[in-house]
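Structural description and commentary
Letter by letter, the chains look like this.
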Amino acid sequence: MTALDRIQTLKGSAFPLGVSKKGADRIQIAIWHPGAEACQLRLHLHGKTQKIKMDAMRDIGMNDIFSVILTCGDIERVLRDVEYDFVIDGIRRTDDFARAVSGRNRFGNGKGKVRNRFVLESFDWSGENWRKLPMDEMIMYQCHVRGFTKHASSGVKAPGTFAGMQEKIPYLKELGVNTLFLLPIYDFNECIDGGEGNSAEKVNYWGYTGDAFYFAPKASYSSDTSNPGIEFKKLVKALHQNGMNLILDMYFSKRTPEFVLSCLRHYVVHYHVDGFRINQDCFNLSWLRWDPVLSHVKIIGSNWEDQPEDVGNEIFYEMNDGFMVDARRYLKSDEGQVSGFYHRFKEQRRGVGQIHYITQNNGFTLRDLISYDIKHNEANGERNKDGTQYNYSWNCGVEGPTRRRPVLRMRRKQERNAFVMLFLGMATPMLLAGDEFGKSQKGNNNAYCQDNATTWLNWKLLEKNKETFDFAKQMITFRKEHPLYHQKRRLTGTDLSGRGAPDVSCHGREPWVVDFSYYSRELGILFYGSYYEGKSLYFAFNFHWQEHEFYLPDVDSSKEWRIVIDTAESNTEGIQDGRYMMMPRSITVFECVCIRQVETGRKNRQARKSKSPKKKET
């Protein structure tokens, strides 16, 4: 007699679908299969199978919903190692609502027999300190669970797993990011055919596929494949204990609205997830706004309409490809970009949070954006036909790796420019994992099938490119500390309160003289300090390949401008009579401070100038 022989059955109910507890000693399993006539539950344990007939809910007119209750004195212990599936009208099926999966324990190995498993264990959330970060505090970090720590250089105990990611939380805190945005972590089938005459299997590394068990954290992302859900909960708890939030990327394909909503609620209630990015074709927006669970988390889409600001909490966020394109084109000095970038940089939506990024998983990394003019996707096996042609990138003079010092200096400056554009605009910034220390994919802008060193983070680059990391960290710290980025009111571009200047205004090389002409590449942006605790900021952008003198606006007779950021790092002259010579392709940020501070800063610059030779600008 096996443990399965002790199980007795009772009549179940139609809902909820999937596995659910019905008391201390009862577990219900319910499944819906449209048009089905008969269903059998199969329990598998140590090579033996027990078959159990499931009843259709004909008494309530639901002939294709089947259910059964399993009961015995210690039902949870009995089912702990049991796998299950179904036979519906003679065909083997699995449970779409399953919370755990067996047969996919090794990433890239699709040969195992996929079955479902019971998840009945409780989890201790005490001491979690769960706090949902408001929009003005969020610094997002897009990351792939496996790729984040899979490389040997990561130094973690369990590379490529939730546990490995948990070990890197101190690193994330040091960098300053506080909202982790993970590519799909649910149990998707990563094995795909090679396509176009290629018989070899390829790997869907990202996970955007409808062949998935959405309710189940991915077993191959866990060091304990028998219970990936517990390891994922430990990661979430550790993030919350460190003041961080977690956003999941969920791609639903051919799923009912009820399935989508049930799945999202499941991750909020059982895993304490803080929000989701979802494809907007699978639900109605009003369902989310008035949902008792989902109205309390962040929902990220691609093209929301403006929302009422007085309805509920901050819910809706928009991934802004428009900023990505405009920022890239302005960064590479294309014509006609000044007006578009100005509006993107200061943009704030009514009732919709904006998320800005210059790079994301789909496309070039930041290092590749400034190192390649064209994509190099040959390794994908699709004859370089895949991936977008519109990268808006510039290689700074040489395609790919180089030792030429002028090119390397230009690339470092362009990297700094990109960080200023990303982190110091008004929208929530999102950094692609590895961009903070120069990660490269060798020009591959569609690395969806690369489960190797192409996509894995090489942590040796952190020491090699420490100045890149330090600058990114500096920009994040500046954003966190300056009151400009923590205002609860939207910018209007007008002086609504009669304080002497608009809250934000546009300038050219001369104050209040805007040049949006086609060939202009110079821009000034003033955030007037009377609206931000007296701390005015002035951004000067010169993306021309020649020097240009900028005149700084006079905003307070008792204060003067001080340079707080200069991406050129080569101008030692400082501000002369309200004028500043901007180096080619550079950004300078000025802050208005009292005159005594300015004098101290001027003396310090003069001392440094006398000790070191002037750098030659590229």
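Scroll up for the structure.
The paragraphs below set out a description of the structure included in this document. Bear in mind the structure is a predicted one, so any value in this text is a computation, not a measurement.

Topic: helix 9 (residues 338-346)
Inspection of helix 9 places Val-338, Phe-341, Tyr-342 and Phe-345 among the buried residues, and these make up the whole buried set. The buried residues of helix 9 occupy an angular sector of 105° when projected down its axis, which confines them to one face.

A look at the environment of His-240
Residue position: His-240 is located in helix 5 (residues 228-241). Note: C-alpha distance between His-240 and Asn-189 (51 residues apart in sequence) is 29 Å. Beyond its immediate sequence surroundings of up to four residues, His-240 is in contact with Glu-128, Asn-129, Trp-130, Asn-245, His-272 and Asp-274.

Focus on the sheet that holds strand 24 (residues 522-527)
Here five strands make up an open sheet; going across it, the order is 23-24-25-29-27 and the pairing antiparallel. Edge strands, defined here as strands with exactly one partner in the open sheet, are strand 23 (504-507) and strand 27 (559-566). Ignoring which end each strand starts from, the neighbouring axes of this sheet average 20° apart. Bridging between strand 24 and strand 25 (residues 537-542) involves six bridges; their strand directions are antiparallel. Across the sheet, Ile-525 pairs through a bridge with Phe-539, a residue of strand 25. Each of strand 23, strand 24 and strand 25 touches helix 9; the most contacted strand, strand 24, lies at about 25° to it. The strands touched by helix 13 (residues 466-481) within the sheet are strand 25 and strand 27, with strand 27 carrying the most contacts at an inclination of about 140°.

Some thoughts on the packing of helix 8 (residues 321-331) against helix 11 (residues 405-423)
To describe two helices that pack against each other, one gives the angle between their axes and the distance between the axes. Two elements in contact, helix 8 and helix 11, have axes whose closest approach is 11 Å; the angle formed by their N-to-C orientations is 145°. For the pair helix 8 and helix 11, the crossing hand works out as right-handed. Residues Phe-323, Ala-327, Tyr-330 and Leu-331 of helix 8 lie in contact with helix 11, whose contacting residues are Gln-414, Asn-417, Ala-418, Met-421 and Leu-422. Classifying every residue of the contact of helix 8 with helix 11 gives seven nonpolar, two polar and no charged.

Remarks on the packing of aromatic side chains
Applying the stated rule across the entire model yields 44 aromatic pairs. Between Trp-206 and Tyr-208, the aromatic rings sit 6.3 Å apart at their centres with planes inclined by 70°, giving edge-to-face as the arrangement. Consider the rings of Phe-364 and Tyr-372, whose centres lie 6.4 Å apart with planes at 35°: the pair is tilted. One cation-aromatic arrangement involves Lys-132 over Trp-130; the distance from NZ or CZ to the ring centre is 4.1 Å. A cation over a ring is seen here: Lys-168 above Trp-459, with NZ or CZ 3.9 Å from the ring centre.

Description of empty space enclosed by the protein
Counted by the stated rule, this structure contains six cavities of 30 Å³ or more. Approximately 190 Å³ is the volume attributed to the largest cavity. Around the largest cavity, the lining is made up of 17 residues, and of these His-144, Leu-432, Lys-439, Gln-441 and Thr-455 lie nearest the centre. Looking at the lining of the largest cavity, the elements that each hand over two or more residues are strand 11 (140-143) and helix 2 (145-149). Taken together, the residues of the lining of the largest cavity sort by class into nine nonpolar, seven polar and one charged.

Looking at the side chain of Lys-375
By secondary structure assignment, the location of Lys-375 is in the loop between helix 10 (366-369) and helix 11. Buried within the structure, Lys-375 lacks any salt-bridge partner; its nearest side chain of opposite charge belongs to Asp-386, at an N-O separation of 5.3 Å. Polar contacts involving the side chain of Lys-375 include one to the main-chain carbonyl oxygen of Asn-384, which spans 2.3 Å. Within the structure, the side chain of Lys-375 is placed 3.1 Å from the backbone oxygen of Asp-386, a separation counted as a polar contact. Apart from residues lying up to four places away in sequence, Lys-375 is in contact with Phe-364, Asn-384, Lys-385, Asp-386, Gly-387, Thr-388, Gln-389, Asn-391, Gly-443 and Asn-445.

Examining the packing of helix 11 against helix 13
Between helix 11 and helix 13, the shortest axis-to-axis distance is 10 Å and the interhelical angle comes to 20°. Taken together, helix 11 and helix 13 sit at an angle that is classed as roughly parallel. Where helix 11 crosses over helix 13, the handedness of that crossing is right-handed. For the pair formed by helix 11 and helix 13, the contact residues are Arg-412, Glu-415, Arg-416, Phe-419, Val-420 and Phe-423 on the first element and Glu-467, Thr-468, Phe-471, Ala-472, Met-475, Ile-476 and Arg-479 on the second. Partitioning the contact of helix 11 with helix 13 into residue classes produces seven nonpolar, one polar and five charged.

Details of the side chain of Thr-588
Along the chain, Thr-588 falls in strand 29 (residues 586-594). What makes Thr-588 buried here is its relative accessible area of 0%. Here the side chain of Thr-588 touches Asp-566 through a polar contact of 3.4 Å, side chain to side chain.

Some remarks on helix 6 (residues 257-271)
Between the first and last C-alpha of helix 6 there are 21 Å, a value that for 15 residues agrees with the 21 Å anticipated at 1.5 Å per step. By the burial criterion, the buried members of helix 6 are Phe-259, Val-260, Leu-261, Ser-262, Cys-263, Leu-264, His-266, Tyr-267, Val-268 and Tyr-271. Looking at the buried positions of helix 6, the neighbouring elements they touch are strand 13 (186-188), strand 16 (212-217), helix 5, strand 17 (245-250), strand 18 (275-278) and helix 7 (285-289). Looking one or two residues beyond helix 6, the residue adopting positive phi is His-272, at roughly 60°.

Overview of the pattern of salt bridges
Counted under the stated rule, the structure contains 34 salt bridges. Note that Arg-92 is salt-bridged to Asp-85, the shortest N-O span being 2.9 Å. Look at Asp-85 and you get buried, because its relative accessible area is 0%. Asp-334 is the partner of Arg-329 in a salt bridge, and the nearest nitrogen-oxygen pair spans 3.1 Å. Residue Arg-329 is classed as partly exposed on the basis of its relative accessible area, which comes to 28%. We classify Asp-334 as buried; its relative accessible area is 13%. Through salt bridges that share partners, Arg-104, Asp-187, Glu-190, Asp-211 and Lys-218 make up one connected network.

Re the nonpolar core
Soluble, globular proteins show a tendency: their nonpolar side chains are buried together. Counting 132 residues, the largest nonpolar core has Tyr-141 and Phe-276 as the members making the most contacts within it. It is helix 6 that provides the largest number of residues to this core, a total of eight residues. Counting 32 residues, the second-largest nonpolar core is a separate cluster that includes Cys-39, Phe-66, Tyr-84 and Val-114.

About the thresholds
For every chain, the first residue of the written sequence is number 1, and numbering continues from 1 along that sequence. Confidence filtering applies because this is a predicted model: local features only for residues at pLDDT of at least 70, side-chain atom pairs given and counted only at 80 or more, and all residues used for totals across whole chains, interfaces and linings. Computation of side-chain values covers all heavy atoms of the structure but excludes hydrogens and water. In this scheme, a residue with accessible area under 20% of its type's maximum is buried, one over 50% is exposed, and one in between is partly exposed, where area comes from a 1.4 Å probe on protein chains only. Put simply, DSSP H or I for four residues or longer makes a helix, DSSP E for two residues or longer makes a strand, and each gets a number counted from the N terminus. Note that the arc is defined by the directions from the helix axis to the C-beta atoms. In what follows, residue pairs with any heavy atoms lying within 4.5 Å of each other are defined as contacts. Only when DSSP finds a minimum of two bridges between them are two strands counted as paired. To get an axis, fit a line to the C-alpha atoms, keeping to the stretch in contact for a helix; angles then go from 0 to 180 degrees between the N-to-C directions. We call a crossing left-handed when the near helix sits turned anticlockwise from the far one by less than a right angle, and right-handed when that turn is clockwise. Gly is put with the polar residues, along with every residue not named as nonpolar or charged; the nonpolar set is Ala, Val, Leu, Ile, Met, Phe, Trp, Tyr, Cys and Pro, and the charged set is Asp, Glu, Lys and Arg. Any two rings among Phe, Tyr and Trp, with Trp reduced to its six-membered ring, count as a pair given centres within 6.5 Å; such a pair is stacked if its planes are under 30 degrees apart, edge-to-face if over 60, and tilted if neither. Here, a charge over a ring is recorded when the distance from Lys NZ or Arg CZ to the ring centre is within 6 Å and its angle to the ring normal is within 35 degrees. Residues are called lining when one of their atoms sits within 4 Å of a cavity or pocket point, these points coming from a 1 Å grid over the protein atoms alone, where a cavity is a set in which a 1.4 Å probe fits but cannot get out and a pocket is an open set with protein on both sides within 12 Å along at least five of seven lines. Grid points are joined across faces, edges and corners, and a volume is the space filled by probe spheres set on the points. Charge convention: Lys and Arg are scored as positive, Asp and Glu as negative, and His as well as the terminal groups of each chain are ignored. Salt-bridge detection follows one rule: a side-chain nitrogen of Lys or Arg within 4 Å of a carboxyl oxygen of Asp or Glu. Between N or O atoms, a polar contact is any pair within 3.5 Å; within protein, one atom must be a potential hydrogen donor and the other a potential acceptor, and residues adjacent in sequence are included only when both atoms are from side chains. An angle counts as roughly parallel when it lies under 35 degrees, as roughly antiparallel when it exceeds 145, as roughly perpendicular when it falls between 65 and 115, and as oblique in every other case. A helix is expected to reach a length of 1.5 Å times the quantity of its residues less one. Nine residue types can take part in a nonpolar core, namely buried Ala, Val, Leu, Ile, Met, Phe, Trp, Tyr and Cys, and a core is a set of them joined through side-chain atoms within 4.5 Å.

That is the geometry; function is a separate question.
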